[in-house]
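Chain by chain, the residues run as shown.
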Amino acid sequence: MINPKLPVIWYGGDYYPEQWDEETFERDIRMFKEAGINVVTLGVFSWSLIQPDENTYDFSFFEKVMDRLYKEGIYVCLATPTSAPPHWMTQKYPEILLTDVNGVKREKGGRQNFCPNSEKYRYFARNIAEKLAEHFKDHPALVLWHVNNEYLNYCYCDICRGKFQNWLKEKYGTLDELNRRWNTRFWSQTFTAWEEIPVPTTRSVLFWRKDRYQSVLPELYLDYRRFMTQSMLECFLEEYRAIKKHTPDIPVTTNLIAATFKEWNYFEWAKHMDVAAWDNYPGYREDFSVISLRHSLIRGLKEGQPFVLMEQSPSQACWRWYNPQKRPGEMRLWCYHGLAHGAETLMFFQLRQSRGGVEKFHGAVITHVDSTKTRVFQEVKRVGEEIKSLSDILDTRVVSQTALLFDWESWWAMEDTLTPNIDFRHLDEVQKYFKALVKTGLGADVVGKDQDFKKYRLLVAPALYIVGKDLAQKLKDYVSDGGVLVLTTMSGIVDEDNQVVLGGYPGYLRDLVGGYVEEIDALPPEEKNEILMFGRSYECSLVFDYIKTTTAEVLGRFRKDYYANEPAVLRNNYGKGWVYYVGSSVSFDLVWDLVKFIEKEHGLRADITPADGVEVVKKVKGEKTFYFLFNHSGERRTVDLPEGKFKDMLTGALYEKRVEMPPLDVLILLKE
Ligand SMILES: [Zn+2]
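Quick caveat, the model's predicted, so the values are computed rather than measured.

A. Summary view of the coordination of the zinc ion. Taken together, Cys115 (SG), Cys155 (SG), Cys157 (SG) and Cys160 (SG) make up the full set of protein donors to the zinc ion, lying 2.3 Å away. Mapped onto the polypeptide sequence, the residues donating to the zinc ion form the spacing pattern C-x39-C-x1-C-x2-C. With cysteine 115 in the loop between α4 (87-92) and α5 (119-136) and cysteine 155 in the loop between β4 (142-146) and α6 (158-172), this residue pair connects regions lying 40 residues apart in the sequence. Exposure remark for cysteine 155: the relative accessible area of 0% places this residue in the buried category.

Shown next, in the form of structure tokens:
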């Protein structure tokens, strides 16, 4: 439960009463109540209102708003305003402003335009957070702190450069050690003074290549990403500590942007957040498993604890090139999908649509029509009514037999340098394998490399590019104790210093795999090869491992080119467990058939086998077992149920043996 003070599913979202007059505010309260809204987020971009100059603070507006909301039974998630520093501040203290990847210093900007290492910014952020906490610490409406909003940008200014150099001194001790571990003799990159070390901009060691920046000094860039993650996290912690002094019992979080967001290693962030929180904006026609991956990653950050779904649009976004409306029923489905995957709040951005500003077209519960009769409002109201009777699902936990190992550092290191194929992307591989896990109905978690793997029967680690000795040992222990591990091409290539492990890929994992990769061939995406396996042929592309086996059995072989008939997919027995290795970027068909093969070979069984396009999420609480079923397929589907009777918590209907699901249907089945 997010906060026992409000032991229901939280329903509401971002609200900006500062943009509206009092009469509108009063009308909004009536509409909120009609929609079943019980929490509103206030103050996200309020800095210039609550601190109009350096020495003036005025919380009277929000105090009045909070009093009024509380009187109506509506609670408050209170935000610190530090995402958008006011103009007076950046005018007087330009050091606060961010310098971008091209080395250009911002003059002004909307939001996320600050340098995370500016002491001035940190002072103002810490100060306003503390003032807010001090002022509202006893307010009965307060249930959650929302620090900043969608931390977004790296900074590359002189302050950051100085702090980066100090961070490197701390990490490496001496320049000799840094030069050795960065292998700086390559291209004569040896540093002779700490001051010579640049921040990675397009004026120094970055260059643009196809769709991203890459670095001529990938070791530096990897360390800069680690340093920036820590720098921005420290900004969060400045506010966190200031707030906790006054409200130790109110949870503090920040709404993480996009879950699979490349810039920040969220596993590091989650260690310091009371509860994980994120903003979910599914893309148009995006496969449901991608949304499941994002939710599961957020859930995995704090090892299965419930999280806050801080933002979603009730209808459409406005910041994409094309912003389709959520089709009738779609918003409802994504709400329950979030709850299934571990959210205990359903919050919208936003409650009332703005008249002005850059996001005036962003969808809202109360649209520009300003009425409760709109389709969107009526759909929001329906969900609001339904969830009133669902408090029983609070504190349930997802049960998964499989997990995907997700590693930001592997994502960074592999894509930030020149690899055999620029189109071989970390996230593409991750999404493909996770989709197969989701489709099995076995349940799929996402774990970080510091977490416990042993509770899973099957662990999948696609494109795990960085594998040092410790992680290799952990994976070996997992397998030798009986785990089943799937590894792929472009894994174990480098250690934590971004240096290749010699002896053939995948480095320290060679004996787990039972072979080694001697060469990686790479071809343009349109030039495919095929793999013969399980008596059929599967397409593969981009990278092709030329493999020599030692102890592994060969499951699949390439069909063409100079490695025709050479191994492509391996299986190796290691201790009590098994390792599968896929030596190419393969079609989803192959991944799916391999996972089904593993399921059969190793006796994994889903309680409910999902029909095509149907997703099943199993959750438990004490003796109770809940199955959340979603029909994402766009067509009618029949799902076979296990032994016993099941009650749908949404309708009260009882089901046995099987259930019919129309498109976009949701069932929450409680085993009787
Ligand atoms: Zn900076």
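B. Fine view of the packing of aromatic side chains. The final tally for this structure, using the stated rule, is 45 aromatic pairs. Note on phenylalanine 544 and phenylalanine 558: the rings are 6.2 Å apart at their centroids and 70° apart in plane angle, and the pair reads as edge-to-face. With phenylalanine 544 in strand β19 (residues 536-549) and phenylalanine 558 in strand β20 (residues 553-558), this pair connects stretches of sequence that are 14 residues apart. Accessibility classification places phenylalanine 544 together with phenylalanine 558 in one group, the buried group. Where phenylalanine 558 meets tyrosine 563, the ring centres are 5.2 Å apart and the plane angle is 70°; that geometry is what we call edge-to-face. Clustering of aromatic rings is evident, with ring pairs tying together Tyr151, Tyr154, Tyr156, Phe164, Trp167, Tyr224, Phe227, Phe236, Tyr240, Trp264 and Trp269. When the ring centre of phenylalanine 588 is taken as origin, the NZ or CZ atom of lysine 435, which lies over that ring, is 4.6 Å away. Sitting above the plane of the tryptophan 592 ring, lysine 439 keeps its charged end 4.9 Å from the centroid.

C. Geometry of the sheet that holds strand β1 (residues 10-14). One open sheet holds the 6 strands; their spatial order is β7-β4-β3-β2-β1-β11, and the pairing between them is parallel. The outermost strands of the open sheet, each flanked by one partner alone, are β7 (252-253) and β11 (345-348). Sheet topology places β4 next to β7; 2 bridges connect them, and they run parallel. When the sheet's bridge partners are listed, tryptophan 145 is paired in β7 with valine 252. Across the sheet, helix α3 (residues 60-71) lies against β2 (39-42), β3 (75-79) and β4, angled at about 175° from β2, the strand it touches most.

Rules and cut-offs
Residues numbered from 1 in each chain as written. Predicted model: local features only at pLDDT ≥ 70, side-chain atom pairs only at ≥ 80, totals over all residues. Heavy atoms only, no water. Donors = N, O, S within 2.8 Å, 3.2 Å for Na, K, Ca; no water. Helix = DSSP H or I, 4+ residues; strand = E, 2+ residues; numbered from the N terminus. Buried < 20%, exposed > 50% of the residue type's maximum accessible area, 1.4 Å probe, protein only. Phe/Tyr/Trp six-rings, centres within 6.5 Å; stacked < 30°, edge-to-face > 60°. Lys NZ or Arg CZ within 6 Å of the ring centre and 35° of its normal. Pairing = 2+ DSSP bridges. Contact = heavy atoms within 4.5 Å. Axes fitted to C-alpha atoms, helices over the stretch in contact; angles between N-to-C directions.

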